[in-house]
Amino acid sequence: MNQKELAQCLGISSRQVRNLRKDGLFQAVKGDRGYVLETCVQEYINFKVNAEMGRGALISMEKIKASHEEVKRDISVLKLRRLRRELHEAADVEAFLTDMLTQFKNRLLSLPSKMAMQVAGERDINRIIQMLTKSIYEALEELSEYDPDEIDGTRAGGRETEDEEDKEEE
């Protein structure tokens, strides 16, 4: 089989057959300047499979690198939001809320004994209601106090700084 016939059988150009032969594919039969179709087809299939596998590995590596860069970008965004006090660690929020609600519970539980002494001599029901309402509002005021520094523990000195965390990651 000649070069032109081989090219037609494989669906490629004669020039491509010539280039692949230079690259070590499609060995011509000795003494005869033609090609053996069965051998050439198998070589071409192996060539295409290897090319696709190599390209597939390259694409796979590119996807992995792109995914890694996306993760790094997401981490940077989260760190920035944390620095801006827009984001807090779940454990810090849980500890802060637990502490705040425990203090609120204790304050509410202390109200009866505290208020009993203040309203003991009072005869005016409106005055008693006013005193109780004021104490309840004072207790509720604790729930409205929000300080981002308290949530992540920077005031208490319990958290590391971002620089220290970055050094540990390296």
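Everything quoted here is computed from the prediction, not taken from an experiment. (Residues numbered from 1 in each chain as written. Predicted model: local features only at pLDDT ≥ 70, side-chain atom pairs only at ≥ 80, totals over all residues. Heavy atoms only, no water.)

Undergrad: Help me out: how do you make sense of the nonpolar core in this one?
TA: Nonpolar side chains in soluble globular proteins tend to be buried together. One finds L6, A7, L10, I12, V17, L20, L25, F26, Y35, C40 and Y44 forming the largest nonpolar core, which totals 11 residues. For this core, the secondary structure elements donating two or more residues are α1 (3-10), α2 (14-22) and α3 (37-83). The element best represented in this core is α1, accounting for 3 residues. Apart from the residues lying within four places of it in its own chain, the contact partners of L6 are M1, V17, F26, Y35, L37 and C40. Judged by nonpolar contacts, the second largest core, of 5 residues, contains M115, V119, I128 and M131. (Core = buried A, V, L, I, M, F, W, Y, C linked by side-chain atoms within 4.5 Å. Buried < 20%, exposed > 50% of the residue type's maximum accessible area, 1.4 Å probe, protein only. Helix = DSSP H or I, 4+ residues; strand = E, 2+ residues; numbered from the N terminus. Contact = heavy atoms within 4.5 Å.)

Undergrad: Quick question: what am I supposed to make of a nonpolar patch on the surface here?
TA: Residues L97, L101, I136, Y137, L140 and L143 make up a contiguous nonpolar surface patch of roughly 540 Å² in combined accessible area. Among the elements that take part in the nonpolar patch, helix α5 (residues 125-144) stands out by supplying 4 residues, more than any other. Locating L140 in the fold gives a position in helix α5. (Patch = residues over 30% accessible without salt bridge, like charges linked within 9 Å, V, L, I, M, F, W, Y side chains within 5 Å. Areas by Shrake-Rupley, 256 points an atom, 1.4 Å probe, with all protein chains shown as cover. Salt bridge = Lys/Arg side-chain N within 4 Å of Asp/Glu carboxyl O.)

Undergrad: Honestly, the side chain of S135 in this entry has me stumped. Any pointers?
TA: Assignment of secondary structure puts S135 in helix α5. In this structure S135 comes out as buried when scored by relative accessible area, which is 6%.

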